[in-house]
Amino acid sequence: MKPLEIFRVESPDNIGAKSYELVTRDVLADLELTTVLGRLWEYIDPVEPVFIFCALIRTGIPPIRIKDMADITTGTASAEGVLIEITNEGYVVSLLKTLVAEYGRDNISQPDKKTVAIATEDKNEVAKSVAEVVVADPRREVDTRLADALLRITPEGFRVRHHVSTESEMLFVASEDAIKPEWIDRANDMMNQLKDMSDEVINHA
């Protein structure tokens, strides 16, 4: 994926804006969010005091199903059970937890590092259904990382917060004081402008 198409940081204090931009870039890179976010606009005014964070999140990140990380077979004709041959070891821990929760610990075994077996008499039906079981949801992980990013980026002491999040957008307002309606209006206006900005407006701070 491409990095941020648009990254804008604004403040009445130009030097402060530059510093805040560097901090934000470091946090996003550390949490591997630079390719997840499509567009980002921040506004910080320590005098007001208010911090606004508006981001467009790239959509279309599908969940990881067992069929995406493994080959599923029913073994030999005489064998009872379903065999899961792991092709992507990145989700093995999640796979095992999911299978134990779904089919019971006594019915799950791991003959070797890359093979998991499900003991069942209805192996054809289980092989079909287990293929669609979700073992990881990258979109949910993105929400967790974004929440972590906001904790790191939001100025210390800005504990009064207004937050709106959808699958493709995140709007966040924080302050030391009660959130003013005009700050929320400004955040909504920033979000609307962010959606309308052309791709040529890149990395403007």
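**Student:** Is there a simple way to explain the sheet that holds strand 6 (residues 82-86) in this structure?
**Tutor:** Within a sheet, adjacent strands bond to each other through the backbone by hydrogen bonds, running parallel or antiparallel. Read across the open sheet, the four strands follow the order 5-6-8-7; overall the sheet is antiparallel. Whereas interior strands pair on both sides, the edge strands pair on one side only; in this sheet they are strand 5 (70-73) and strand 7 (108-112). The mean angle between the axes of side-by-side strands here comes to 25 degrees, regardless of whether they run parallel or antiparallel. Contacting strand 5, strand 6 and strand 8 (115-118), helix 4 (residues 123-130) runs over the sheet at an angle of about 35 degrees to strand 6.

**Student:** Explanation requested: the pattern of salt bridges in the structure shown.
**Tutor:** This model, assessed by the stated rule, comprises twelve salt bridges. Its salt-bridge partner being Arg-152, residue Asp-148 comes within 3.4 Å of it at the nearest N-O pair. You can see Asp-148 and its partner Arg-152 sitting in helix 5 (residues 138-153), four residues apart, about one turn around the helix. One salt bridge in this structure joins Lys-195 and Glu-169, with 2.8 Å as the shortest N-O distance. A residue pair is termed long-range when its members are at least 10 positions apart, and Lys-195 in helix 6 (residues 181-196) and Glu-169 in strand 11 (residues 169-175) qualify at 26 residues. Overall, the relative accessible area of 39% leaves Lys-195 in the partly exposed class. Through salt bridges that share partners, Glu-5, Arg-39 and Arg-58 make up one connected network.

**Student:** Mind showing me how you'd approach helix 4 here?
**Tutor:** For the α-helix, the turn length of 3.6 residues means that residues three or four positions removed from each other point alike. Inspection of helix 4 places Lys-123, Val-126, Ala-127 and Val-130 among the buried residues, and these make up the whole buried set. End-on view of helix 4: buried residues confined to an arc of 100 degrees, all on one side of the axis. Residues Asn-124 and Lys-128 are exposed on helix 4 and point more than 90 degrees away from its buried face.

**Student:** Honestly, the sheet that holds strand 11 in this entry has me stumped. Any pointers?
**Tutor:** Across the sheet, which stays open at both edges, the five strands sit in the order 1-2-3-11-10 with mixed pairing between neighbours. Looking along the sheet, the strands with just one partner apiece sit at the ends: strand 1 (6-10) and strand 10 (160-165). The sheet shows a mean angle of 5 degrees between the axes of neighbouring strands, taken without regard to direction. The pairing of strand 3 (residues 50-57) with strand 11 spans six bridges and is classified as antiparallel. Each residue of the ladder has a partner; that of Ile-52, found in strand 11, is Val-173. Along the sheet face, helix 1 (residues 14-30) touches strand 1, strand 2 (37-45) and strand 3 and points at about 140 degrees away from the line of strand 1. Each of strand 1, strand 2, strand 3, strand 10 and strand 11 touches helix 6; the most contacted strand, strand 3, lies at about 30 degrees to it.

Rules and cut-offs
Residues numbered from 1 in each chain as written. Predicted model: local features only at pLDDT ≥ 70, side-chain atom pairs only at ≥ 80, totals over all residues. Heavy atoms only, no water. Pairing = 2+ DSSP bridges. Helix = DSSP H or I, 4+ residues; strand = E, 2+ residues; numbered from the N terminus. Axes fitted to C-alpha atoms, helices over the stretch in contact; angles between N-to-C directions. Contact = heavy atoms within 4.5 Å. Salt bridge = Lys/Arg side-chain N within 4 Å of Asp/Glu carboxyl O. Buried < 20%, exposed > 50% of the residue type's maximum accessible area, 1.4 Å probe, protein only. Arc of directions from axis to C-beta.

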